[in-house]
Amino acid sequence: MSVVPNAVAAVDEARQWDRLMQMAKLGAIPGEGVNRACLTDLDRQARRLLIGWAQGIGLTVSVDALGNLFLRHEGTAPGLPPVLTGSHMDSQPNGGRFDGIWGVLAGLEAVQALREAGVATKRPIEVVAWTNEEGGRFAPGCMGSMAYAGFRPADTWDAVTDGEGLTFGDELRKHLALEADIPRRGLGVVEGPAPFAYVECHIEQGPRLERGGLDIGVVEGIQGSRWFLVEIAGRTDHAGTTPLRLRQDAVQDMVRAIAALNVLTHDPDDVLRFTVGRIEVSPNSSNTVADRARFTIDLRHPDKDVLLPRGDAVEATVKAALATCTATVTERFHALPSRFDPMVPDTVERAALAQGLKPLRLSSGAFHDAQFLAPLCPSGMIFVPCRAGVSHHPSEYSSPRQLAAGARVLTAALAALANR
Ligand code: GLV
Ligand code: MN
Ligand code: MN
């Protein structure tokens, strides 16, 4: 008789919720939100809290060159590639209490439940907290998982600056020095073998599960994303004296460029997602014509045959729209749509059905670290409903019961995967 049901029963709804609420204090902002950017003191406090819990239940902690943090539950065959589970601990600047952090704490809860129920697994299970998934402080997101997967070299983003001009490279070095007491491990598949499988828990960040009265999203794939940085260069002038026809106004050309991009990305079916989420103007003075405008583009679509040509047209569209200025367009993130190997989604769906939960197969509009694990090993994700589908906002909410259901499905899925 399988002992896995004992582990599922050992998932502790109150313990998981209490840990989430302790984490939510680190970077709390009004409206029950969280602002916990990566590689900050708040991030380090959250990691120390997590490490304390992990060590308290006997997990082995290690960190890699990108700051990805691993909590290892040993298998009875420790030499076998592990099953990996986790997500990220950084948040958006105006973020919520669940995006990312729940996936890490669900992993911890699942492993703790397995251990408390005495369920040994053949393969090790590692809970991972990926560095900088959100890309809110340093763009782009998913740096930790991209480097782990060898998708980009580890030093790719060293010169990327945050809003205060601090570089990712310097901040990462400082961060690793402050975690020098934690054993270092090799960087992902660049310096070691691939994991056996990867499964990531996350709130849905969309309305489908809630609307359908469903419990579990069985994620089959993730849409593709491309990020661009547009930098427009003009010339400063006096706002009161310089005739408009003599100006090189970076803001006016930015407005033209964005209008042209809205035409390029128009989609009557509203599937193509186009967002300008960050704008910087210099010198940012009311009575000076701006000489510099920078804005970001986030472009997403589930079909690469739409995403690739539209994305490839961004630079020419911006340049053709400018009246007086010049522009450079830099692509900073490029994740093709991914479709998961059926092994993990099938395992998740079976676990949900066996627990009497109602699953729905769906794909993810948000990107996740799972996108960069998918080429390495069978991967998948477990979604739980979130209120009104809201995320990247302080009001983001999933109930203790919904989150516990997700952790129970993860527990059974991990047990199944780690005994294959
Ligand atoms: C991740 O947070 C995303 O923007 O999809
Ligand atoms: Mn997330
Ligand atoms: Mn997010």
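Please refer to the structure higher up on the page.
This write-up is about the structure you can find in this document.

Focus on the pattern of salt bridges
In step 1: All told, the structure shown has 29 salt bridges when counted by the stated rule.
In step 2: Connected through shared salt-bridge partners, Glu220, Arg339, Asp346, Glu349 and Arg361 make up one network.

Quick look at the site of ligand 1
In step 1: Lining the immediate environment of ligand 1, one finds Glu133, Glu134, Arg300, Ala366, Phe367 and His392.
In step 2: Contact distances for ligand 1 include 2.8 Å between an oxygen atom and a side-chain N or O atom of Glu134.
In step 3: Residue His392 places a side-chain N or O atom 3.2 Å away from an oxygen atom belonging to ligand 1.
In step 4: When ligand 1 is considered free in solution it has 190 Å² of accessible area, and contact with the protein chains removes 93% of it.
In step 5: Taken together, the residues that form the shell around ligand 1 break down as two nonpolar, one polar and three charged.

What about the pairing of strand E6 (residues 125-130)?
On a regular strand, each side chain points to the face opposite its neighbour's, so the side chains alternate between the two faces of the sheet.
In step 1: Judged by how many residues are buried, E6 sits mostly within the fold: six of six residues are covered.
In step 2: Burial of the side chains of E6 extends over both faces: Ile125, Val127 and Ala129 are buried on one face and Glu126, Val128 and Trp130 on the other.
In step 3: Examined bridge by bridge, strand E4 (residues 69-73) and E6 share five bridges and lie antiparallel to one another. Pairing of His73 across the sheet is with Ile125, part of E6.
In step 4: Pairing of strand E5 (residues 83-88) with E6 involves six bridges; the strand directions are parallel. Of the residues in E6, the one forming a bridge with His88 is Trp130.
In step 5: Handedness of the crossover is the feature at issue here: the chain leaves E5, passes through helix H4 (residues 101-116), returns alongside E6, and the resulting connection is right-handed.

Procedures and definitions
Residues numbered from 1 in each chain as written. Chains lettered and ligands numbered in written order. Predicted model: local features only at pLDDT ≥ 70, side-chain atom pairs only at ≥ 80, totals over all residues. Heavy atoms only, no water. Salt bridge = Lys/Arg side-chain N within 4 Å of Asp/Glu carboxyl O. Near = heavy atom within 4 Å. Polar contact = N/O pair within 3.5 Å; in protein donor to acceptor, adjacent residues only side chain to side chain. Areas by Shrake-Rupley, 256 points an atom, 1.4 Å probe, with all protein chains shown as cover. Nonpolar A, V, L, I, M, F, W, Y, C, P; charged D, E, K, R; others polar. Buried < 20%, exposed > 50% of the residue type's maximum accessible area, 1.4 Å probe, protein only. Helix = DSSP H or I, 4+ residues; strand = E, 2+ residues; numbered from the N terminus. Pairing = 2+ DSSP bridges. Right-handed = clockwise from strand over helix to strand, strands pointing away.

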